[in-house]
Amino acid sequence: MRSGKTGGVTPATASPSKSKSQRLVSALLAWFATSARDLPWRRTRDPYAIWISEIMLQQTQVKTVIPYWNRWMTALPNVKSLAAAAPQTVLKLWEGLGYYTRARNLQRAAQLITTQHNGRFPETFDAILTLPGVGRYTAGAISSIAFNQPAPILDGNVIRVITRLFDIAANPKKKAVNEQLWTLARELVETAHNLPEQCADNLPRCSHLNQSLMELGALICTPQNPHCGECPVQLDCAAHRAGRAAELPNLRPRTKATARRVIAFVIEHNGRLLVRQRPTAAVNAHLWEFPNAEVGHNPAAITHADSRDSLAQFAREQLGLPLTNFAPLITMRHSITRYRITLEAHRARWTGKSNAAKNAGRWLTVEELHALAFTSAHRKILKHLQTTAVTC
Ligand code: SF4
């Protein structure tokens, strides 16, 4: 990676000439018209549908989002149905997408639209920006895609495309650089908005221009090995001309990952399994999971839970659960932000009194568990139970 001082366009000089902007915009619009993927949310101008897709697409790939979006739009097709839905229904439809605050904010925003906008989706950038969970990017995406307004967007794909088109070598996470990228994104979408009529083709130009930047970043201007030979704006791309497209954007190295170890128990009692709901203030609030606790970070604590006796002690001390008959069930690894988590699930039997069992959580059959919204990792434990011999 290069520093911001070693070449390329600095933030203060990155403004494109009018003719370059017009060439870029015309080429991007023409390319988008013939090469855009046929995605379900691109077949509508309904702001609700576009809003749902934009929130789902944050941190999540298109191919993962498509079935979620289809299910959601069938179950909750408009603001009114989302505002009135049971919170567990909303979480169940979101189950597996992660970052569950997004789902909760969607429902809060729908309720706010119902009470403050008479159920009608707000149509201005400023009004959309006031909705819970909606930031500058999402407000710009909805304003431009649903209402064809000249509002800019800047997400990871667009940052990559713009830093390369203008050979911006400084780190885009720096405030001044980021603001300059917003300015460039605005100039491009405003150029689309102001294109001479003969170029307009009756297309929603602001919508298509913004989507073309995202699409180019997803399909052609990829993080590694960009396909410059197939790129519609290659002739105007400063980084390509300088032979350093693959070096941009200049992002700092990622924070070092931290290892964490969690032990979960699938506890059987009278043909049912014990689950608990995560508390309101916790990450993944209100989702369900098998009882679990993190093993401490010091090496002595990590060995502490490795024998059957120590598993019993761990369950008693960390979770207040009297357990016996441990058997390893599944070990899985997953990542949340900078944490690399190893989750070890063990089967176990309840050895306490039945009265105490009532206070430990909810005891449900496997069939009943499937109706609940689980965290992704614990959903995998539940699926694994189906493939192994379960007696309850
Ligand atoms: S020419 Fe290459 S680096 Fe430049 S925008 Fe196109 S794909 Fe990206």
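Keep in mind that this is a model prediction, so the values were computed, not measured.

**Student:** Just to check I follow, could you spell out the overall build of the protein chain for this structure?
**Tutor:** Looking only at helices and strands, one finds 18 helices and seven strands in the protein chain. With the principal axes as the frame, the protein chain shows a C-alpha extent of 80 × 50 × 35 Å. The buried share among the 392 residues of the protein chain stands at 48%. Considering only residue pairs separated by 6 or more positions, the protein chain has 69% of its internal contacts joining residues 24 or more positions apart. On the protein chain, the mean spot of the 48 positive side-chain charges and the mean spot of the 26 negative ones are 5 Å from each other.

**Student:** In this structure, what is going on with the environment of Ile50? I would like to understand it.
**Tutor:** Note on placement: Ile50 falls in helix 2 (residues 47-57). Owing to a relative accessible area of 2%, Ile50 belongs among the buried residues under this scheme. Between the C-alpha atoms of Ile50 and Leu311, which are 261 residues apart in sequence, the distance is 48 Å. Residue contacts for Ile50: discarding those within four places in its chain leaves Trp41, Thr44, Arg45, Ile142, Ile145 and Ala146.

**Student:** Any chance you could explain the pairing of strand 2 (residues 272-277) here in plain terms?
**Tutor:** In summary, the side chains of a regular strand alternate between the two faces of the sheet. Inspection of the sheet shows strand 1 (residues 258-269) paired to strand 2 by two bridges, in the antiparallel sense. Each bridged residue has a counterpart across the sheet, and for His269 the counterpart in strand 2 is Arg272. The hairpin turn running from strand 1 into strand 2, its antiparallel successor, is two residues long, and Asn270 in that turn takes a positive phi close to 55°. Both strand 2 and strand 7 (residues 362-364) contribute to a ladder of three bridges, which runs antiparallel. Looking across to strand 7, one finds that Leu274 is bridged to Trp363. Here strand 2 runs beside strand 3 (residues 288-289); their pairing, made up of two bridges, is antiparallel. Looking at the pairing, Arg276 lines up with Glu289 of strand 3.

**Student:** Sorry, what's going on with the site of the ligand here?
**Tutor:** Taken together, Arg164, Leu165, Ile220, Cys221, Cys228, Cys231, Gln234, Cys237, His240 and Ala245 make up all the residues around the ligand. Class assignment of the residues belonging to the shell around the ligand gives a composition of seven nonpolar, two polar and one charged.

**Student:** Even after reading the chapter, I still don't get the pattern of salt bridges, so can you show me in this structure?
**Tutor:** Here the idea is simple: oppositely charged side chains can pair when their charged atoms come close. Considering all chains together, one arrives at 15 salt bridges under this definition. Arg37 is the partner of Glu215 in a salt bridge, and the nearest nitrogen-oxygen pair spans 2.8 Å. With Glu215 in helix 12 (residues 205-219) and Arg37 in the loop between helix 1 (18-35) and helix 2, this pair connects stretches of sequence that are 178 residues apart. Of the residues examined, Glu215 reaches a relative accessible area of 1% and is grouped as buried.

**Student:** Explain the confidence of the model for the protein chain here, please?
**Tutor:** Caution is warranted with low-pLDDT regions, since their predicted coordinates should not be read in detail. Per-residue pLDDT for the protein chain averages 90, and the proportion of residues at 70 or more is 91%. Here residues 1-13 is a poorly scored stretch, pLDDT under 50, and it has 28 contacts once near neighbours within four places are set aside; other chains count.

**Student:** Can you walk me through the pairing of strand 1 in this structure?
**Tutor:** Of all the twelve residues making up strand 1, nine are buried; the element is thus mostly covered by neighbouring parts of the structure. Here strand 1 pairs with strand 6 (residues 339-350) via eleven bridges, running parallel. By the bridge assignment, Ile267 is partnered in strand 6 with Ala348. Sheet topology places strand 1 next to strand 4 (residues 292-294); three bridges connect them, and they run antiparallel.

**Student:** Looking at this model, I keep getting lost on unusual backbone geometry. Mind explaining?
**Tutor:** The omega angle of the peptide bond from Leu248 to Pro249 is 0°, so this bond is cis rather than trans. Its place among the elements puts Pro249 in the loop between helix 13 (238-242) and strand 1. The residue Asp167 is not glycine, and still its phi comes out positive at about 50°. Residue placement: Asp167 occurs in the loop between helix 9 (156-165) and helix 10 (175-193). Using a relative accessible area of 4% as the deciding quantity, one classes Asp167 as buried. The backbone of Asn284 shows a phi angle near 55°, a positive value even though the residue is not glycine.

**Student:** How should the nonpolar core be read in this particular structure?
**Tutor:** The nonpolar side chains of a soluble globular protein tend to be buried with one another. Membership of the largest hydrophobic core comes to 80 residues, with the highest contact counts inside it found for Trp51, Ile52, Trp72 and Leu82. The element that contributes the greatest number of residues to this core is helix 10, accounting for eight residues. Contact partners of Leu82, with chain neighbours within four places excluded, come to Tyr48, Trp51, Ile52, Trp72, Leu76, Val90, Leu106, Gln107 and Ala110.

**Student:** Just to check I follow, could you spell out the domain arrangement of the protein chain for this structure?
**Tutor:** Bring the parts together and some accessible area is lost; that lost area is often taken as the interface size. Domains assigned within the protein chain are domain 1 (11-247) and domain 2 (258-387). Domain 1 and domain 2 are separated by 39 Å when their C-alpha centres are compared. Domain 1 puts eight residues into the contact, and the matching count from domain 2 is 15 residues. Buried area between domain 1 and domain 2, summed over both chains or domains, comes out near 820 Å², and the portion from carbon and sulfur atoms is 46%. Broken down residue by residue, the surface that domain 1 buries against domain 2 is led by Gln88, Glu95 and Tyr100, which jointly contribute 50%.

**Student:** Is there a simple way to think about helix 6 (residues 101-116) in this case?
**Tutor:** Since there are 3.6 residues in each turn of an α-helix, residues three or four apart along the chain are aligned in direction. Across its 16 residues, helix 6 extends 22 Å between first and last C-alpha, which sits within 8% of the 22 Å expected from 1.5 Å per residue. Those residues of helix 6 that sit buried are Arg102, Ala103, Asn105, Leu106, Gln107, Ala109, Ala110 and Ile113. Contact partners of the buried residues in helix 6: helix 2, helix 3 (62-75), helix 4 (79-84) and helix 5 (87-94). Just beyond helix 6, the residue with positive phi is Asn118, at close to 60°.

Cut-off values and rules
Residues numbered from 1 in each chain as written. Predicted model: local features only at pLDDT ≥ 70, side-chain atom pairs only at ≥ 80, totals over all residues. Heavy atoms only, no water. Helix = DSSP H or I, 4+ residues; strand = E, 2+ residues; numbered from the N terminus. Buried < 20%, exposed > 50% of the residue type's maximum accessible area, 1.4 Å probe, protein only. Contact = heavy atoms within 4.5 Å. Lys, Arg positive; Asp, Glu negative; His and termini not counted. Charge placed at Lys NZ, Arg CZ, Asp CG, Glu CD. Pairing = 2+ DSSP bridges. Near = heavy atom within 4 Å. Nonpolar A, V, L, I, M, F, W, Y, C, P; charged D, E, K, R; others polar. Salt bridge = Lys/Arg side-chain N within 4 Å of Asp/Glu carboxyl O. pLDDT = per-residue confidence, 0-100. Core = buried A, V, L, I, M, F, W, Y, C linked by side-chain atoms within 4.5 Å. Domains from an automatic or database assignment. Buried area = accessible area lost by both parts, 1.4 Å probe. Expected span 1.5 Å × (residues − 1).

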